[in-house]
2 protein chains.
Amino acid sequence: MATINDIAAKLGVSKSTVSKALNNATDISEEMRKRILETAVELGYVNRRLQKKEKKLCILVANMDYDTPNQFGYDIVIGFKQMAEPEGWTIDTIPLTKEFQRLTPYGVFMMEHGYQAAFVMGFSLLDPWIEEFRTTRIPTVLYDNYVKDNPHVASIGCDSQEGFNLAVRHLVKLGHKKIGLISGPLDSYILKARYNAYLNALNKYGLEINENYIGLGYYVAESTKTYIPKLLKEGVTAILFSHDIRAISAITECIDRDINVPNDLSIIGFDDLPIATQADPPLTTIRQDRIALGKCGYYAMTCLLNQVPIGSILLRAPLIVRESTGPVPAWSDNGTFPSL
Amino acid sequence: MATINDIAAKLGVSKSTVSKALNNATDISEEMRKRILETAVELGYVNRRLQKKEKKLCILVANMDYDTPNQFGYDIVIGFKQMAEPEGWTIDTIPLTKEFQRLTPYGVFMMEHGYQAAFVMGFSLLDPWIEEFRTTRIPTVLYDNYVKDNPHVASIGCDSQEGFNLAVRHLVKLGHKKIGLISGPLDSYILKARYNAYLNALNKYGLEINENYIGLGYYVAESTKTYIPKLLKEGVTAILFSHDIRAISAITECIDRDINVPNDLSIIGFDDLPIATQADPPLTTIRQDRIALGKCGYYAMTCLLNQVPIGSILLRAPLIVRESTGPVPAWSDNGTFPSL
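Residues numbered from 1 in each chain as written. Chains lettered and ligands numbered in written order. Predicted model: local features only at pLDDT ≥ 70, side-chain atom pairs only at ≥ 80, totals over all residues. Heavy atoms only, no water.

Student: Honestly, the packing of aromatic side chains in this entry has me stumped. Any pointers?
Tutor: Remark: the centre distance and the inter-plane angle together describe each pair of aromatic rings, the angle taken between the planes. Under the counting rule described, the total for this entry stands at 28 aromatic pairs over all chains. Ring geometry for Phe 109 of chain A against Tyr 115 of chain A: centres 6.0 Å apart, planes inclined by 40°, an arrangement best described as tilted. Ring geometry for Phe 164 of chain B against Phe 270 of chain B: centres 5.6 Å apart, planes inclined by 70°, an arrangement best described as edge-to-face. Taken together, the residues Phe 164 of chain B in helix H9 (residues 160–173) and Phe 270 of chain B in strand E9 (residues 266–271) connect sequence positions 106 residues apart. (Phe/Tyr/Trp six-rings, centres within 6.5 Å; stacked < 30°, edge-to-face > 60°. Helix = DSSP H or I, 4+ residues; strand = E, 2+ residues; numbered from the N terminus.)

Student: How should the side chain of Arg 322 of chain B be read in this particular structure?
Tutor: Residues and elements named next belong to chain B. Inspection of the secondary structure puts Arg 322 in the segment after strand E12 (319–320). On the basis of relative accessibility, which here comes to 19%, the residue Arg 322 falls in the buried class. Of the polar contacts made by the side chain of Arg 322, one reaches the backbone oxygen of Leu 283; its length is 2.9 Å. (Buried < 20%, exposed > 50% of the residue type's maximum accessible area, 1.4 Å probe, protein only. Polar contact = N/O pair within 3.5 Å; in protein donor to acceptor, adjacent residues only side chain to side chain.)

Student: Sorry, what's going on with the interface of chain A and chain B here?
Tutor: A common way to express how large an interface is: the accessible area buried when the components associate. Across the contact, 28 residues belong to chain A and 28 residues belong to chain B. Here chain A and chain B share an interface that buries about 2200 Å² over both sides, 52% of which is from carbon and sulfur atoms. By the criterion of area lost to chain B, the three top residues of chain A are Asp 149, Tyr 299 and Arg 316 of chain A, representing 31% of everything that side buries. Viewed at the interface, chain B and chain A are joined by zero salt bridges. Applying the counting rule to chain A against chain B returns 18 residue pairs in polar contact (both at pLDDT 80 or more). Looking at the side of chain A that touches chain B, the elements that each hand over two or more residues are helix H9 (160–173), helix H13 (290–305) and strand E11 (310–315) of chain A. Of the residues contributing to the side of chain A that touches chain B, the split by class is 15 nonpolar, five polar and eight charged. (Contact = heavy atoms within 4.5 Å. Buried area = accessible area lost by both parts, 1.4 Å probe. Salt bridge = Lys/Arg side-chain N within 4 Å of Asp/Glu carboxyl O. Nonpolar A, V, L, I, M, F, W, Y, C, P; charged D, E, K, R; others polar.)

Student: Just checking my understanding: could you explain unusual backbone geometry for this structure?
Tutor: What you tend to see is this: most non-glycine residues have negative phi, and most peptide bonds are trans. Across the junction of Asp 280 of chain A and Pro 281 of chain A, the peptide omega takes the value 0°, indicating a cis bond. Within the element layout of this structure, Pro 281 of chain A appears in the loop between strand E9 (266–271) and strand E10 (284–287). Residues Val 261 of chain B and Pro 262 of chain B are joined by a peptide bond in cis, for which omega reads 10°. Relative to the helices and strands, Pro 262 of chain B is located in the loop between helix H12 (244–256) and E9. Here Asn 63 of chain A, not a glycine, exhibits a phi torsion of approximately 55°, which is positive. Considering the arrangement of structural elements, one finds Asn 63 of chain A in the loop between strand E1 (56–61) and helix H5 (74–84). For Asn 63 of chain A, a relative accessible area of 53% corresponds to the exposed category.

Below, the structure written as structure tokens:
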């Protein structure tokens, strides 16, 4: 384990300068402080005094809203705090831009603020800190992201495979054979996982896998407009969506085009956002229990803080059947949807 | 939620008789007590009074030894208790035969003893209670077993896929191309998982999958004797084993046959039992950190007891490189091992 002496020796500065930097004293230059913190992180220095003084955690959020109850991240933050606060932790929730991540290394940021562990939400594979998570020694829990082989980093999320298996089983029972997928682009760990879960679920139930049944696109409304008619032309009678937002956009698109959901087309979302019940028809979807996800994040962190090197925790992903799914439509006997 | 009245009505007995049975009073017949408990379980009755009085958990063990430090289950039990006892739980560790499971349903057993949750170790798919785990409403954590869709049951274990990926990567770096598997029969969830992990790992590294490189058998010594020469004849230069015990039996077999480990054949175990370091040569193996597994079992149980419906927790499975693996042998240039 590196000591203050090691840091001082490496930088050729005095022990007291290092000590000042590590304790956020104001009488050294910002530049020197940063160099010392970076070196401390690099050498694997652990600031034990700081850690014992305060129990401080942070929730780091990128690309995700969490301010109001209707936003995806809101309940996750609540669930995490419900478990962590009674155990005496102070928790800061911090939104992060890519810009900020590029300017300050993760390890330096954590040491600067005296955070002992982080719960990380919403990061895409393009976020700069992802690279640092591969090697960090700070207990770090990632929601819907995964880093292999690092015993200090754990992953939590809903079991996409279980969810899609339940969704496809439900559709198969209703007589559907051609099942499509409309999803965001595969630049995130979780969308790749859901894409694979879709393929595995079709495979499990002996259904045809056909790339023409799949639509990937960044922009929600645009890709809905493009893919709904395309998939119907292919004879697809039911579509799984990577998110409720996309599924609900598809319901709107179907109304505009006089396509009846579920009589002409069955639609299944993923998330079970509050808005899912208010859709017309109410959306059949795979639930992510977000309060439970937040709690789960805290349990995973407790494991890491107690040197139990877990890799992942998967939460159950039940299918909530509402009214956007129904029996396979009669038009499918003729191959493609008639009125396109 | 069912009440004492519901149980009494269903059986046509008085409320006080039901109450006696649920409180283990001695003045009713054993037969009546059992019928009442079975009905209580069937109706989903929860004995809240009992639950509040005492914090009681059980560890249920089948097909696994745990009495002495060298036995596989020992450290798992220790790890579990290290987490659970400081939180005020009383823990009974109970070995179970199939016979006992057939005579007493799981739910009845748990209610009879006032256990609020169970940690289940070593069960095979043939153990009678496995069926009940699919539908039970009692928080139940399974080590190395999995039940789908039941939010009251969670699974914990080491990440076989991560372990086998690391093992195959290590062998590929050493130049090996034909990698075999010797495993117990696929009548357990975990051996099926390891079998699939083996296939996936070969696939990931672009290696040949060949059923002649695989040996499955119940009896350790017998299957080692059969498969070591068979796999060498096929040109296999490295073998993964489902357990350290099998890998160590293979080392012994190789000594008897004048096959040098690792110069003629590389061997990798799974478990990292204390005995792995004492083998000659010391065994390269995938570690199951058993203290951490026990702790993990308790964390999973805490999740279930707090209505966080996790499905699984996977622990990291690091590769511990010792001396039973080495560079691909020169004999492999000629296809099969010469002296068989």
